[in-house]
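Examining the three-dimensional arrangement
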Amino acid sequence: MSRTPGSPRPLLNSRLSGFGTTIFAEMSALAAKTGALNLGQGFPDTDGPEEVREAAVRAIRDGRGNQYPPGPGIPELREAVAEHQHRFYGHLGLSYDPETEVLVTAGATEALAASLLALLEPGDEVIALEPYYDSYAACIAMAGGRRVPVTLRPSDDGYHLDLDELRDAVTPRTRLILLNSPHNPTGSLLTETELRAVAALCTEHDLLAVTDEVYEHLVYTGSHLPLASLPGMRERTVTISSAGKTWSVTGWKVGWVTSTPALVTAVRSAKQFLTYVSAGPFQYAVAEALRLPDAYYHDLRDDLRAKRDLLSRGLADAGFRVFPSSGTYFVTTDIRPLGENDGPAFCLALPERCGVVAVPNQVFYDHAEEGAPYVRFAFCKQREVLEEASARLLALG
């Protein structure tokens with residue numbers, strides 16, 4: 001590790017000493033260097049809806065949001081978030097007060113960081129399902145918490161949670177459970193049985209829950225069930241979502257938290273010292289996006305489902321074992337049928353072998369051996385790109 005001249009101390013805080021450049025940056029740089037098709041990083045290669053983009057332009061021209069917006073977020077967006085939660089989950093009993101129970105953040109990543117910084121004391125344990133999005137580990141570390149992984153394991157019908165392993169992970173030091181469903185990177189959707197088991201553990205042991213639900217509208221098999229809607233969970237769950245995935249505007253970095261007044265106040269106390277505020281004009285645009293008609297959400301889901309199916313067929317034809325993807329932008333594969341078992345090495349060589357970039361799932365595991373043979377591909381790309389990628393991958397056979 002780098003040290004300052006004459007100093008015995010390393011430059012980087014020890015809590016982050018195990019974290020280098022994110023795998024997404026590394027693989028996207030590799031795609032740019034080699035000219036390969038980038039199916040690694042999960043961003044769409046098309047812009048969001050025209051009416052949403054025009055709303056952002058209109059806000060800038062009208063002078064709305066060009067200066068600091070209110071700390072909790074503009075009222076229009078907080079109201080739209082509350083309306084959205086009631087519109088899609090009101091039948092499950094969920095509703096939120098836009099004044100006290102909604103907080104706007106710089107994407108879901110800041111919402112996650114602020115939640116963990118606010119709610120954890122040094123030494124608190126956080127149960128997280130592995131493989132997990134890489135920022136989870138970093139945010140837990142920055143908050144001084146201890147990560148306790150519970151492994152999702154694949155089968156022919158997708159990835160599943162071992163409920164006995166989950167129960168065994170709870171100790172007197174457990175503070176919260178960090179949940180992501182629909183799940184990145186596996187593409188799995190936690191079942192109602194699995195979610196109810198999580199809820200039962202939280203209520204039995206008086207645990208908090210932080211849920212990352214950014215893929216809530218990208219569900220292709222089954223339906224999304226917010227953990228906060230289950231008995232006893234409304235008052236102990238911090239629910240996180242964002243605009244990036246649902247409206248294909250990942251660069252805008254507009255996210256939000258919904259929870260009780262006490263939990264939102266706690267998260268806001270940390271968030272105000274991170275970005276303070278962000279994305280002023282985009283907040284107005286996202287408020288309009290949230291109110292798009294149901295047809296938008298249905299068309300988005302149907303389009304991505306078709307792209308999932310296209311890429312999944314291509315991967316199977318190339319010799320991968322393909323696990324079903326119930327949601328998200330991603331499909332996970334097993335490379336062992338190709339005679340491979342080292343995901344990182346396979347992904348580093350893939351651009352030269354066939355001009356495609358993917359991400360090795362092993363980097364999302366504490367138990368590295370569990371993830372060694374699995375590789376993630378993103379299907380949130382134009383159909384022509386997925387067809388070309390499928391054709392190139394046939395060269396592996």
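Residues numbered from 1 in each chain as written. Predicted model: local features only at pLDDT ≥ 70, side-chain atom pairs only at ≥ 80, totals over all residues. Heavy atoms only, no water.

What follows covers the sheet that holds strand S4 (residues 146-155). Strand order in the open sheet made by the eight strands is S2-S9-S8-S7-S6-S3-S4-S5, with mixed pairing throughout. Each end of this open sheet is capped by a strand with a single partner; those strands are strand S2 (102-105) and strand S5 (158-161). Across the sheet, the axes of successive neighbouring strands diverge by a mean angle of 25°, strand direction being ignored. Here four bridges tie S4 to S5, and the two strands are oriented antiparallel to one another. Bridged to leucine 152 within S5 is leucine 161. Running at roughly 160° to strand S8 (residues 237-242), helix H4 (residues 107-119) makes contact with S2, strand S6 (174-180), strand S7 (208-212), S8 and strand S9 (255-258) of the sheet. This element, helix H8 (residues 261-271), spans S2, S7, S8 and S9 of the sheet and lies at about 25° to S2. (Pairing = 2+ DSSP bridges. Helix = DSSP H or I, 4+ residues; strand = E, 2+ residues; numbered from the N terminus. Axes fitted to C-alpha atoms, helices over the stretch in contact; angles between N-to-C directions. Contact = heavy atoms within 4.5 Å.)

Of all five residues making up S7, five are buried, and the element is well covered by its neighbours. Across the two faces of S7 the burial is the same, with Leu208, Val210 and Asp212 and Ala209 and Thr211 all buried. Across five bridges, S6 lies against S7 in parallel orientation. Counterpart to leucine 179 in the pairing with S7 is threonine 211. For the segment spanning S6, helix H7 (residues 192-205) and S7, crossover handedness is right-handed. Inspection of the sheet shows S7 paired to S8 by four bridges, in the parallel sense. Across the sheet, the residue bridging to aspartate 212 is isoleucine 240, located in S8. (Buried < 20%, exposed > 50% of the residue type's maximum accessible area, 1.4 Å probe, protein only. Right-handed = clockwise from strand over helix to strand, strands pointing away.)

Here we come to the nonpolar core. If you look at the biggest cluster of nonpolar residues, it comprises 101 residues, and the most contacted ones within it are Leu77, Leu176, Trp247, Phe320, Leu350, Phe377 and Leu393. With eight residues, the single largest contributor to this core is helix H10 (residues 294-318). Ignoring any residue separated from it by four or fewer positions in sequence, one finds leucine 77 in contact with Val104, Val254, Gln283, Val286, Ala287 and Leu290. Counting 27 residues, the second largest nonpolar core, distinct from the first, contains Ile127, Tyr159, Leu201 and Leu230. (Core = buried A, V, L, I, M, F, W, Y, C linked by side-chain atoms within 4.5 Å.)

Let us look at the pattern of salt bridges. Within this structure, the stated rule accounts for 22 salt bridges. Among the salt bridges present, the one from arginine 321 reaches aspartate 156, with a minimum N-O distance of 2.7 Å. Residue arginine 321 is located in strand S10 (residues 321-322), and its partner aspartate 156 is located in the loop between S4 and S5; the two are separated by 165 residues in the primary sequence. By relative accessible area, which is 67% here, aspartate 156 ends up exposed. In this structure, lysine 307 and aspartate 303 form a salt bridge, with 3.3 Å as the shortest nitrogen-oxygen distance. A residue pair is termed a helical-turn pair when its members lie 3 or 4 positions apart in one helix, as lysine 307 and aspartate 303 do in helix H10 at four residues. Exposure remark for lysine 307: the relative accessible area of 13% places this residue in the buried category. (Salt bridge = Lys/Arg side-chain N within 4 Å of Asp/Glu carboxyl O.)

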